[in-house]
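Listed here are the chains, written in short residue letters.
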Amino acid sequence: MDAADEGDLVRRVARGDRRAFDELYRRTAPWLEVRLRRRCADPDVVAEVLQDTYLAVWRTAGSFAGARNRNGGGAPGSAVGWLWTIAAHRLVDAFRRRARTARVPQVPLMPSTAPAAEDEVMAGRVGQELEQALLVLPPEVRAALRATVLDGLSSREASVLLGVPENTVKSRVRRARVALREALS
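These notes cover the structure that comes with them.

Reading the values: rules and limits
Residues numbered from 1 in each chain as written. Predicted model: local features only at pLDDT ≥ 70, side-chain atom pairs only at ≥ 80, totals over all residues. Heavy atoms only, no water. Helix = DSSP H or I, 4+ residues; strand = E, 2+ residues; numbered from the N terminus. Buried < 20%, exposed > 50% of the residue type's maximum accessible area, 1.4 Å probe, protein only. Contact = heavy atoms within 4.5 Å. Areas by Shrake-Rupley, 256 points an atom, 1.4 Å probe, with all protein chains shown as cover. Salt bridge = Lys/Arg side-chain N within 4 Å of Asp/Glu carboxyl O. Arc of directions from axis to C-beta. Axes fitted to C-alpha atoms, helices over the stretch in contact; angles between N-to-C directions. Parallel < 35°, antiparallel > 145°, perpendicular 65-115°, else oblique. Left-handed = near helix turned anticlockwise from the far one by under 90°. Core = buried A, V, L, I, M, F, W, Y, C linked by side-chain atoms within 4.5 Å. Nonpolar A, V, L, I, M, F, W, Y, C, P; charged D, E, K, R; others polar.

Focus: the overall build of the protein
Here is step 1 of the chain: On a plain count of helices and strands, the protein comes out with eight helices and zero strands.
Here is step 2 of the chain: When the helices and strands of the protein are read in sequence order from the N terminus, they spell out α-α-α-α-α-α-α-α.
Here is step 3 of the chain: The proportion of buried residues among the 185 residues of the protein is 27%.
Here is step 4 of the chain: Long-range pairs, those at least 24 residues apart, make up 59% of the contacts in the protein with a sequence separation of at least 6.
Here is step 5 of the chain: Roughly 12,500 Å² of accessible area belongs to the protein as shown, and the carbon and sulfur atoms make up 55% of that amount.

Rendered as structure tokens:
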């Protein structure tokens, strides 16, 4: 392995040679880390980029080896240049992700407060009065109100569900709201 240059190591990695990958990493990772640190002060980003780079090398070494064979050899050091190109692209991607994350506005959380006892009592009383008022409504009016308010259907959808014309649904909902307003006031 010591006699192989980086290009030979990449070609061996393309064939799935784990030892060649380990040797390529041993030779190039310190140099690559120094270059990345010159461009990024965050050690976590540098570590992530290094990991992504060598993962890409393992997965795509065949593209380098194939290009080198088609070109009839290649210049010395071209494997290191290929490695740096991958790392530089990964670093740019990391900067873009960081910028997108920084642009997401922070939503302030509302302080959680328990409702006042008076509010709970009033809600219970209003809830009971509403329940009583709903029971007084004719069943067809109650069904139209349930379909449009509770189920969230449009008048047209409620008319299909209930089997009545759309205008009938609208008039029943209007009657229900008037009756409820009178019962609760």
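Overview of the pattern of salt bridges
Here is step 1 of the chain: Within this structure, the stated rule accounts for eleven salt bridges.
Here is step 2 of the chain: Between Arg27 and Glu6 there is a salt bridge, with the nearest N and O atoms lying 3.9 Å from each other. In this pair, Arg27 sits in helix 2 (residues 18-39) while Glu6 sits in helix 1 (residues 6-14), placing the two residues 21 residues apart along the sequence.
Here is step 3 of the chain: The exposure class assigned to Arg27 is partly exposed, which follows from its relative accessible area of 22%.
Here is step 4 of the chain: The residue Arg96 makes a salt bridge to Asp93 at a minimum N-O spacing of 4.0 Å. With Arg96 and Asp93 both in helix 4 (residues 78-103), this residue pair falls three residues apart, about one helical turn.
Here is step 5 of the chain: With a relative accessible area of 31%, Asp93 lands in the partly exposed category.
Here is step 6 of the chain: Ionic contacts of the salt-bridge type, sharing partners, join the residues Glu6, Glu23, Arg26 and Arg27 into one network.

Concerning the side chain of Ser159
Here is step 1 of the chain: Positionally, Ser159 belongs in helix 7 (residues 155-162).
Here is step 2 of the chain: You can call Ser159 buried: its relative accessible area is 10%.
Here is step 3 of the chain: When residues no more than four places from it in sequence are discounted, the contact partners of Ser159 are Val164, Pro165, Glu166 and Val169.

Let's talk about helix 6 (residues 139-150)
Here is step 1 of the chain: When helix 6 is considered as a whole, its buried residues turn out to be Val141, Ala144, Leu145, Ala147 and Thr148. Around the axis of helix 6, the buried residues are gathered within 165° of arc, so they sit on the same side. Away from its buried face, by an angle of more than 90 degrees, helix 6 presents the exposed residues Pro139 and Leu150.

With respect to the packing of helix 6 against helix 7
Here is step 1 of the chain: At a closest axis distance of 9 Å, the pairing of helix 6 and helix 7 adopts a crossing angle of 130°. Taken together, the axes of helix 6 and helix 7 lie oblique to each other. For helix 6 against helix 7, the interelement crossing comes out right-handed. Counting all contacts with helix 6, which are made through Ala143, Ala144, Ala147 and Thr148, the residues of helix 7 involved are Ala158, Leu161 and Leu162.

Comments concerning the environment of Leu83
Here is step 1 of the chain: Residue placement: Leu83 occurs in helix 4.
Here is step 2 of the chain: In sequence terms Leu83 and Tyr54 are 29 residues apart; their C-alpha atoms lie 8.4 Å from each other.
Here is step 3 of the chain: The contacts of Leu83, once residues within four sequence positions are left out, are Thr28, Leu32, Thr53, Tyr54 and Val57.

A look at the nonpolar core
Here is step 1 of the chain: Membership of the largest hydrophobic core comes to 28 residues, with the highest contact counts inside it found for Val10, Leu32, Leu36, Tyr54 and Val57.
Here is step 2 of the chain: Looking at this core, the element that brings in the most residues is helix 3 (residues 43-70), giving nine residues.
Here is step 3 of the chain: Apart from the residues lying within four places of it in its own chain, the contact partners of Leu36 are Val46, Val49, Leu50, Trp84, Ala87 and Leu91.
Here is step 4 of the chain: Core analysis: the second largest hydrophobic core is formed by twelve residues, Val169, Val173, Ala176 and Leu180 among them.

Some points on the packing of helix 6 against helix 8 (residues 166-184)
Here is step 1 of the chain: Packing of helix 6 against helix 8 brings their axes to within 8 Å, and their N-to-C directions diverge by 100°. Judged by the inter-axis angle, helix 6 sits roughly perpendicular to helix 8. From helix 6, Glu140, Val141, Ala144, Leu145, Thr148 and Val149 reach across to helix 8, where they touch Val169, Arg172, Val173, Arg175, Ala176, Arg177 and Leu180.
Here is step 2 of the chain: Taken together, the residues of the contact of helix 6 with helix 8 sort by class into eight nonpolar, one polar and four charged.

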